[in-house]
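# Architecture and fold: a report
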Amino acid sequence: MSSHSELKTSQDVHLRAKQIKSLIRSLKQKIKKIEREGEVAPANCHIIRYQVNRKGTIYWYYKLQSAESIFPMATNNEKKTKYKYLGRAGSSAHIDAVEKLTRRNLIDELERVIQSLTESYLDIYIGTETE
C-alpha cells in the first residue's frame, strides 16, 4: 500500500513541477511580447516632476532619472548624466518615457514572479527529499 501512496506523491510532485514550468514559460513569453511592443526604459529609472519659478510664474517639467549616469549630456554627448529632460506634461518625450517606463515596470514585475516560481520549483524537489 505504501508504494501506491509513494507513486501518487511522486505523480503529484511532477504535476506541480510541470505546472510551475508551464507558468514560467508563459510569463517569459509575456516578457518577449512586451519587448516587441516598443523600447523599454533602462533598469532603475523613474520619472521625476520638478518645478521652475521664472519671474514669479511656476512651471512644471519632467525628467527621466536613473540610478547611474547613463544618459548623454545635452552639452557634451561624450559625458553621461543621471537625467534626461522630458519637457512638459504630455510632450512627446514625456509620453514616450512613460510608455517605456511602463514596459520596464511590467517586465521587472514579471521577472520577480519568475524568480519566485523558480524558487518554488526548487522547493518542490528539495521538499520531497526530506519527506
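In this report, we go over the structure that sits alongside the text. (Residues numbered from 1 in each chain as written. Predicted model: local features only at pLDDT ≥ 70, side-chain atom pairs only at ≥ 80, totals over all residues. Heavy atoms only, no water.)

Time to look at the overall build of the protein. Along the protein, the regular secondary structure elements total 2 helices and 5 strands. Counting only C-alpha atoms, the protein reaches 85 × 30 × 25 Å along its principal axes. A fraction of 49% describes how many contacts in the protein between residues 6 or more apart in sequence connect residues 24 or more apart. For the protein, the computed accessible surface area is about 9700 Å², with 52% contributed by carbon and sulfur atoms. Side chains of the protein give 23 positive and 16 negative charges; the mean places of these two sets differ by 11 Å. (Helix = DSSP H or I, 4+ residues; strand = E, 2+ residues; numbered from the N terminus. Contact = heavy atoms within 4.5 Å. Areas by Shrake-Rupley, 256 points an atom, 1.4 Å probe, with all protein chains shown as cover. Lys, Arg positive; Asp, Glu negative; His and termini not counted. Charge placed at Lys NZ, Arg CZ, Asp CG, Glu CD.)

A few words now on the pairing of strand β1 (residues 45-54). Where β1 and strand β2 (residues 57-66) come together, 10 bridges link them in antiparallel fashion. Across the sheet, the residue bridging to Arg49 is Tyr62, located in β2. In this structure, the hairpin formed by β1 and β2 is closed by a connection of 2 residues, where Lys55 is found at a positive phi of approximately 50 degrees. (Pairing = 2+ DSSP bridges.)

As a further point, take the environment of Lys18. By the secondary structure assignment, Lys18 is in helix α1 (residues 2-37). Lys18 sits in the exposed class, given a relative accessible area of 60%. C-alpha separation for the pair Lys18 and Gln51, spaced 33 residues apart in sequence, amounts to 53 Å. (Buried < 20%, exposed > 50% of the residue type's maximum accessible area, 1.4 Å probe, protein only.)

Okay, unusual backbone geometry next. Phi is mostly negative for residues that are not glycine, and the peptide bonds are mostly trans. One non-glycine residue, Asn44, lies in positive phi territory at about 60 degrees. With respect to the secondary-structure elements, Asn44 resides in the loop between α1 and β1.

Evaluation of the coordinates by the stated rule reveals 6 salt bridges. Its salt-bridge partner being Lys100, residue Asp96 comes within 3.0 Å of it at the nearest N-O pair. Of this pair, Asp96 and Lys100 both sit in helix α2 (residues 92-130), 4 residues apart, roughly one helical turn. The exposure class of Lys100 is buried, given its relative accessible area of 13%. Across the salt bridge formed by Asp108 and Arg104, the nearest N and O atoms sit 3.1 Å from each other. Placement of both Asp108 and Arg104 in helix α2 is noted, with a separation of 4 residues, approximately one turn of the helix. (Salt bridge = Lys/Arg side-chain N within 4 Å of Asp/Glu carboxyl O.)

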